[in-house]
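The chain contents come next:
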Amino acid sequence: MGSIRRSKTKRRTRDLDQVHGDLSSEITVAKLKNQPLDESKPGLGQYYCVECAKYFETDFAEVVHRRGKNHKRRVKLLKEQPYSQGEIDAAAGVGVEKYFEFVSKYEEEKKQRQEEKSSSMQVE
Ligand SMILES: [Zn+2]
């Protein structure tokens, strides 16, 4: 029993909201992609998938991983926003008005982005 629990925590990578934090800053992403050589990490820490918080031994292994099912599933999950403090408060009945404001703003932004996307596709 103990061994099962141990392997679970061993394989545990960063939580989605943590990765979301990593991806929100270009500087962090650049840092993670260009890590100093580290003997304690697979592939000396040179082949890292930011989305999955995973190291790979070789360039090839990373490329294969990026094409794989697990990576794509992870990327899809990361497209959704992690829970914000506003949402947590609203669930508890605090600051609900503020939360609805935030949601309508977010929906608007999303619509705008989609419109931009479709208009740029028409140009091509
Ligand atoms: Zn990945």
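Higher on the page you've got the structure.
Residues numbered from 1 in each chain as written. Predicted model: local features only at pLDDT ≥ 70, side-chain atom pairs only at ≥ 80, totals over all residues.

K.L.:
When you look at the environment of Q46 in this model, what are you seeing that I'm missing?
P.N.:
Of note, Q46 is situated in the loop between α3 (26-33) and β1 (47-49). Residue classification places Q46 among the partly exposed residues on the basis of 19 C-beta atoms within 10 Å. For the pair formed by Q46 and P36, sequence separation is 10 residues and the distance between their alpha carbons is 7.6 Å. (Helix = DSSP H or I, 4+ residues; strand = E, 2+ residues; numbered from the N terminus. Buried ≥ 20, exposed ≤ 12 C-beta atoms within 10 Å, placed from the backbone.)

K.L.:
Whenever I open this one, unusual backbone geometry confuses me. Can you help?
P.N.:
Most peptide bonds take the trans form, and the phi angle of most residues other than glycine is negative. Positive phi, close to 60°, is recorded for L44, a residue that is not glycine. For L44, the position within the fold is in the loop between α3 and β1. Although it is not a glycine, A53 adopts a positive phi angle of roughly 50°. With respect to the helices and strands, A53 occurs in the loop between β1 and β2 (54-56). Of the residues examined, A53 has 17 C-beta atoms within 10 Å and is grouped as partly exposed.

K.L.:
Is there a simple way to think about the environment of G86 in this case?
P.N.:
Looking at where G86 falls in the secondary structure, it is placed in helix α6 (residues 85-91). C-alpha separation for the pair G86 and K98, spaced 12 residues apart in sequence, amounts to 7.7 Å. Residues in contact with G86, not counting those within four places in the same chain, are G95, K98, Y99 and F102. (Contact = placed C-beta atoms within 7 Å.)

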